[in-house]
Amino acid sequence: MNVVGVSACPAGLAHTPMAAKALEKAGKELGWNVKIEQQGMMGPVNAITQEEAKIADFVLIASDQKITSMERFEGKPVIRVDINTCIKAPKAVLKKCAAAIKKED
Amino acid sequence: MIIKMNFSQENVFLNVSESSINSLLKYISEVAVITGYTTDAKALNKSFIDREKEFSTGLEDGFAIPHAKTAAVKKAGFLYFRLANPLKWQTYDDQPVTDVFALMVPPQNVGNEHLKMLANLSTALLEHDFKKELRRMTNRNEIANFINERIGE
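This text gives an overview of the structure that appears in the document.

The rules we used
- Residues numbered from 1 in each chain as written.
- Chains lettered and ligands numbered in written order.
- Predicted model: local features only at pLDDT ≥ 70, side-chain atom pairs only at ≥ 80, totals over all residues.
- Heavy atoms only, no water.
- Core = buried A, V, L, I, M, F, W, Y, C linked by side-chain atoms within 4.5 Å.
- Buried < 20%, exposed > 50% of the residue type's maximum accessible area, 1.4 Å probe, protein only.
- Contact = heavy atoms within 4.5 Å.
- Buried area = accessible area lost by both parts, 1.4 Å probe.
- Salt bridge = Lys/Arg side-chain N within 4 Å of Asp/Glu carboxyl O.
- Polar contact = N/O pair within 3.5 Å; in protein donor to acceptor, adjacent residues only side chain to side chain.
- Helix = DSSP H or I, 4+ residues; strand = E, 2+ residues; numbered from the N terminus.
- Nonpolar A, V, L, I, M, F, W, Y, C, P; charged D, E, K, R; others polar.
- Expected span 1.5 Å × (residues − 1).

Our next topic: the nonpolar core. Core analysis: the largest hydrophobic core is formed by 53 residues, its most contacted members being L23 and L60 of chain A together with F78, F101, L103, L134 and I147 of chain B. Residues in contact with L134 of chain B, not counting those within four places in the same chain, are F63, Y80, R82, F101, I143, F146 and I147 of chain B.

Okay, here's the thing in structure tokens:
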């Protein structure tokens, strides 16, 4: 699976990098390619390129915030998940998203 | 990346005895005046409370990371509190909180090295080893050195 995504939280301080790291680590454990861009106080960190977006199976938005540059993901299935859930159970989140995408196909 | 920061033992508080999240946040805000993070304990306290109301900053394994983002913060940084009695707190694993990192930033003009340090601290809290080792330590200086070492990379 190729997964790209964006994490963002209200302060853009702590939960943003935590969710990104947790999801990327879970991705590694699953043997998937997971790259999460952090849209926090530092501006975009670990930015997703157009090319990376193009080959992604789905886009995971770990946030209830406004996300910038969503046009990169046009045509891709986008799933929004609560950021705390992503930190708490990153592997379950990734698996559930993948299952949801499969169902839609 | 080398981060020039110094988390000193003056920012470490052990055996902190508070009976509620609100009283702890008030205590943290007062301590933040002494440690030079703010001159306005009241405004800082309000920012901590507002953020906590938005959604709990409780994590798991007994950790919580209350944070304040307000112009009342004079320098970005954090304080560490170890509680004498576990506090009831909304956490991922429904466990009470024993260890608290209070994060503080002004809304603008924060140097990226400070933000990086806070991000490093936050992601260190995903690591089981970090939490376990930290908990084992009882000496303020040892704790400060350990944190510096682990998040200054």
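Next comes the rest of the description.
Turning next to the interface of chain A and chain B. In this complex, chain A contributes 15 residues to the contact, which on the side of chain B involves 24 residues. When chain A packs against chain B, close to 1,800 Å² is buried across both sides, 73% of that on carbon and sulfur atoms. Taken together, the connections running from chain A to chain B amount to 0 salt bridges. Taken together, the connections running from chain A to chain B amount to 2 residue pairs in polar contact (both at pLDDT 80 or more). At 6 residues, helix α1 (residues 15–30) of chain A tops the list of elements feeding residues into the side of chain A that touches chain B. Taken together, the residues that form the side of chain A that touches chain B break down as 10 nonpolar, 2 polar and 3 charged.

Residue and element names in this part refer to chain A. The end-to-end C-alpha distance of α1, which contains 16 residues, comes to 22 Å, matching closely the 22 Å that a straight helix rising 1.5 Å per residue would cover. Every buried residue belonging to α1 is among H15, T16, P17, M18, A19, A20, A22, L23, E24, A26 and G27, and all of these are buried. Immediately beyond the C-terminal end of α1, within one or two residues, lies G31, with a positive phi of roughly 75°.

Geometric values such as these leave the question of function open.
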